[in-house]
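Chain and residue survey
One letter stands for each residue in the lines below.
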Amino acid sequence: CLLRSSCTTIADEAGQFFDSVYGPLAALLHMVKTGDTAFDHVHGVDFYKYLAHNPALEACFYRIMTSSVAFRYATLSSIYDFSSANRVVDVGGGEGTLLLQILRENSRIKGVLFDVAGAIDRAQQTVEASGLSHRCKLITGDFFDSIPSGADVYILAQILNNWRDDRALRILVNCKEAMSGNARLLILEPVHIPGIPVPPSRALISLAVMAQRGGRTRTAAQLGDLLDGAGFRLEDIHQLPSSTTHAITASLC
């Protein structure tokens, strides 16, 4: 009975999650016609506020996000060299899985995990269990307001592709204001390459993100324009061998 109850709970949770997350795809036509985000139109609030008011769905969403980190970024160190960095800020870094990977692979680096209160609360236990809490500072805040200063590398992992251009630009401007000297911006997200077919599963996920938050997978040219508008110079784009994620590096103009 306990097993049956547990399975029912998991099935119900999964059903609610996918209904909530993918249901707004039905409102994409409304989004195209009006410019309103489909999720907001269907649920009456934005995606993250909706999750905050539905703890079980929020936990399900972040479990999925966290579980994909190890695969997504497994080969990051083969693409990006952190050896000259002393301090890294993971902007909107969730529960800290990526930042902890970087700290494990680079013993001299100290890290800052920066995210909203709910994410930092969830990260506390993960960071403490890692044995790296002495090298990982947790800071609560909103990247639309400001970002901690004084780091050598600022990471935006799966952040810009969640937002429309105006919101993505705000995040980038705040990064620029926090950076100085030879600091670098490292963006980790897929890049759309025109002319190369996109697998149906990837296309569905991209449409879902657009419906949920208004974001999109940008081309290299679109990313370059966005960075230029925030006062950055695009330096390199390399795909990680382990996934469809690209490492996009930029510096201050």
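Refer to the preceding data block for the structure.
These notes cover the structure that comes with them.

What counts, and where the lines are drawn
Residues numbered from 1 in each chain as written. Predicted model: local features only at pLDDT ≥ 70, side-chain atom pairs only at ≥ 80, totals over all residues. Heavy atoms only, no water. Helix = DSSP H or I, 4+ residues; strand = E, 2+ residues; numbered from the N terminus. Buried < 20%, exposed > 50% of the residue type's maximum accessible area, 1.4 Å probe, protein only. Contact = heavy atoms within 4.5 Å. Polar contact = N/O pair within 3.5 Å; in protein donor to acceptor, adjacent residues only side chain to side chain. Pairing = 2+ DSSP bridges. Axes fitted to C-alpha atoms, helices over the stretch in contact; angles between N-to-C directions. Core = buried A, V, L, I, M, F, W, Y, C linked by side-chain atoms within 4.5 Å. Phe/Tyr/Trp six-rings, centres within 6.5 Å; stacked < 30°, edge-to-face > 60°. Lys NZ or Arg CZ within 6 Å of the ring centre and 35° of its normal.

What follows deals with unusual backbone geometry. In the Ramachandran plot, Q158 falls in the positive-phi region, its phi being about 55 degrees despite a non-glycine side chain. Following the sequence through the fold, Q158 ends up in the loop between β4 (153-157) and α10 (165-178). When its relative accessible area of 13% is taken as the criterion, Q158 is described as buried.

Attention now moves to the environment of R218. With respect to the secondary-structure elements, R218 resides in the loop between α11 (200-213) and α12 (220-229). The exposure class of R218 is buried, given its relative accessible area of 0%. Placed 32 residues apart in sequence, R218 and L186 show a C-alpha to C-alpha distance of 16 Å. Sequence-distant contacts of R218, that is, excluding residues within four places in its chain, are made with L160, N161, W163, R164, D165, A168, P190, V191, H192, L223 and L226. Among the polar contacts listed, one links the side chain of R218 to the backbone oxygen of L160, at a separation of 3.0 Å.

Attention now goes to the sheet that holds strand β3 (residues 136-140). With respect to topology, 7 strands assemble into an open sheet ordered β3-β2-β1-β4-β5-β7-β6, the strand pairing being mixed. In this open sheet, the two strands that pair with only one neighbour each are β3 and β6 (232-239). On average, adjacent strands in this sheet sit at an angle of 20 degrees to one another, irrespective of strand direction. Note that strand β1 (residues 87-91) and β4 share 3 bridges and pair parallel.

A general trend in soluble globular proteins is that nonpolar side chains are found buried together. One finds F143, Y154, L156, L172, L185 and F232 to be the most contacted residues of the largest nonpolar core, which totals 30 residues. When contributions to this core are tallied by element, the ones reaching two or more residues are β1, β2 (110-115), β4, α10, β5 (184-190), α12 and β7 (245-252). Residue contacts for F232: discarding those within four places in its chain leaves L172, C175, K176, M179, L185, L227, A250, S251, L252 and C253. L76, Y80, L132 and L186 belong to the second largest nonpolar core, which has 26 residues in total.

Here we come to the packing of aromatic side chains. Applying the stated criterion to the full structure yields 9 aromatic pairs. Centre to centre, the rings of F61 and Y62 are 5.0 Å apart; their planes meet at 75 degrees, and the pair counts as edge-to-face. Just as F61 is buried, Y62 falls in that class too. Joined through ring pairs, the aromatic side chains of F39, F47, Y48, Y50, F61, Y62, F143, F144 and W163 make up one cluster. Against the face of F144 rests R167, its NZ or CZ located 3.8 Å from the ring centre. We note R167 situated over the ring of W163; from NZ or CZ to the ring centre the distance is 5.9 Å.

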